[in-house]
Amino acid sequence: MCVTAVESRPAGVLGTSPGHRPFGTRVMAFVALTKPRIIELLLITTVPVMFLAEQGVPSLWLVLVTCVGGYLSAGGANALNMYIDRDIDALMDRTSQRPLVTGMVSPRECLVFGITLGVVSTLFFGLLVNWLSAALSLGALLFYVVVYTMLLKRRTTQNIVWGGIAGCMPVLIGWSAVRNEVSWAAVILFLVIFFWTPPHYWPLSMKVADDYARVGVPMLPVVAGNKVVARQIVLYSWVMVGVSLLLTPLGYTGWFYTAVALVAGGWWLWEAHALHARAKAGVTGAKLKEMRLFHWSITYVSLLFVAVAVDPFLR
């Protein structure tokens, strides 16, 4: 499905040039370009994997530089995403206060900022961690910016499915930072995040479907009914939980991780099936409660990866 670009209202709707903004406000605007709340979630999947790879406590210096490098890389990708999407961001309610839309940061500044962070993060990883982690980090940035933002987002309902690969890369980066290689344990956790991403994001997309429809972005809830979306959420959820349980029979984790994965996964499946039941019954609006699963999805991935970090100490 091809979608034409939309025309936005001009960036800088507040009517004052970026140079006339207070310094502190400008600094916060550049920080906002990196989408810190999203990066927090990425770090939640990076650090625990380093504990699993080390089978104990990794070098705290290595953890610090890996987190800093990951923040710089993901921040650069997010800034470039905002640069490319500034036209539709200006028309969507949930993105109408982003720095490029308000004029707090100019498009040129955003572009330079994003590219600079990408270059610096790659060199940072290569020089202070290892070049495998640097390559994985750069690959994640390019995948998110080029494949997801430029090629998939405005063209296919599968955008978040395949675009989510970029969000899976911190797992591989965390493992490679410790081992300078990628193992099956890292691949399994990569797949957990891969199958987690659609049922995590689709409930939010259901909530803001009108926003996406307004700008012609074919998120699945825009082109399919709630019942179809909820059924897809259930299917991905079952696969995600199943994959999460592969670590133990392969010998990478023990009883503690397994218990957390079973309990947290079981609760996830309960919420996913409940959402599907409400959608199948034709429930709409606030009574659909789609955001219950969205919020739980963040708790789920946090609990699962905390278990990844703790499990080596209990075996």
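Residues numbered from 1 in each chain as written. Predicted model: local features only at pLDDT ≥ 70, side-chain atom pairs only at ≥ 80, totals over all residues. Heavy atoms only, no water.

Undergrad: Would you mind showing me how to read the packing of aromatic side chains here?
TA: Two numbers describe a pair of aromatic rings. These are the distance of the centres and the angle of the planes. What the rule picks out here adds up to 10 aromatic pairs. Relative to Tyr148, the ring of Tyr144 has its centre 5.5 Å away and its plane inclined at 20°; by these criteria the two rings are stacked. In this pair, Tyr144 and Tyr148 both sit in helix α7 (residues 131-152), 4 residues apart, roughly one turn of the helix. Of the two residues examined, Tyr144 and Tyr148, each falls in the buried class. Within the aromatic cluster, the residues linked to one another by ring pairs are Trp162, Phe194, Phe195, Trp202 and Tyr236. Sitting above the plane of the Tyr83 ring, Arg86 keeps its charged end 4.3 Å from the centroid. (Phe/Tyr/Trp six-rings, centres within 6.5 Å; stacked < 30°, edge-to-face > 60°. Helix = DSSP H or I, 4+ residues; strand = E, 2+ residues; numbered from the N terminus. Buried < 20%, exposed > 50% of the residue type's maximum accessible area, 1.4 Å probe, protein only. Lys NZ or Arg CZ within 6 Å of the ring centre and 35° of its normal.)

Undergrad: Before we go on, may I ask you to explain helix α1 (residues 23-33) in this structure?
TA: The periodicity of an α-helix, 3.6 residues per turn, causes residues three or four positions apart to be oriented the same way. Listed in full, the buried residues belonging to α1 are Arg26, Ala29, Phe30 and Leu33. Buried positions in α1, seen along its axis, are confined to an arc of 95° and lie on one side of it. Immediately beyond the C-terminal end of α1, within one or two residues, lies Lys35, with a positive phi of roughly 55°. (Arc of directions from axis to C-beta.)

Undergrad: Explain unusual backbone geometry to me, please; I cannot follow it from the model alone.
TA: Glycine aside, negative phi is the norm for most residues, and most peptide bonds take the trans geometry. Despite not being glycine, Gln55 has its phi angle at roughly 55°, a positive value. Gln55 sits in the partly exposed class, given a relative accessible area of 40%.

Undergrad: Explain the pattern of salt bridges here, please?
TA: Close approach of charged atoms allows side chains with opposite charge to pair. Counted according to the given criterion, the structure contains 7 salt bridges. Among the ionic pairs, Arg26 bridges to Glu109, the shortest N-O distance being 2.9 Å. On the criterion of sequence distance, the pair formed by Arg26 in helix α1 and Glu109 in helix α6 (residues 107-128) is long-range, its members being 83 residues apart. Judged by its relative accessible area of 15%, Arg26 is buried. You can call Glu109 partly exposed: its relative accessible area is 26%. Residue Arg98 is joined to Asp89 by a salt bridge in which the shortest nitrogen-to-oxygen separation is 3.2 Å. (Salt bridge = Lys/Arg side-chain N within 4 Å of Asp/Glu carboxyl O.)

Undergrad: Would you mind showing me how to read α6 here?
TA: Between the first and last C-alpha of α6 there are 31 Å, a value that for 22 residues agrees with the 32 Å anticipated at 1.5 Å per step. For α6, every residue scored as buried is listed here: Cys110, Gly114, Leu117, Gly118, Ser121, Thr122, Phe125 and Gly126. Down the axis of α6, the buried set is contained in an arc of 150°. They therefore lie on one face. Residues Arg108 and Leu127 are exposed on α6 and point more than 90 degrees away from its buried face. Check the buried side of α6 and you find it contacts α1, α3 (60-84), α5 (99-102), α7 and α9 (165-179). (Expected span 1.5 Å × (residues − 1). Contact = heavy atoms within 4.5 Å.)

Undergrad: Please explain the nonpolar core as it appears in this structure.
TA: Soluble globular proteins tend to bury their nonpolar side chains together. One finds Trp268 and Tyr300 to be the most contacted residues of the largest nonpolar core, which totals 83 residues. No other element matches helix α10 (residues 184-207), which puts 14 residues into this core. When sequence neighbours within four positions are dropped, the list of residues in contact with Tyr300 reads Trp196, Met240, Ser244, Ala264, Gly265 and Trp268. Formed by 9 residues, the second largest nonpolar core is a distinct cluster that contains Phe30, Leu33, Ala79 and Met104. (Core = buried A, V, L, I, M, F, W, Y, C linked by side-chain atoms within 4.5 Å.)

Undergrad: Honestly, a nonpolar patch on the surface in this entry has me stumped. Any pointers?
TA: Residues Trp61, Leu64, Val68, Ile115, Val119, Leu123, Leu127, Leu128 and Trp131 make up a contiguous nonpolar surface patch of about 910 Å² in total accessible area. Only α3 and α6 provide two or more residues apiece to the nonpolar patch. The dominant element in the nonpolar patch, judged by the number of residues it contributes, is α6, at 5 residues. Looking at the secondary structure, you find Leu64 in helix α3. (Patch = residues over 30% accessible without salt bridge, like charges linked within 9 Å, V, L, I, M, F, W, Y side chains within 5 Å. Areas by Shrake-Rupley, 256 points an atom, 1.4 Å probe, with all protein chains shown as cover.)

Undergrad: I would appreciate a short explanation of the side chain of Lys35 in the present structure.
TA: Topologically, Lys35 is positioned in the loop between α1 and α2 (36-54). Buried charge without a salt bridge: Lys35, with Asp89 as the nearest opposite-charge side chain at an N-O distance of 6.6 Å. Sequence-distant contacts of Lys35, that is, excluding residues within four places in its chain, are made with Asn78, Asn81, Met82, Arg98 and Tyr144. (Lys, Arg positive; Asp, Glu negative; His and termini not counted.)

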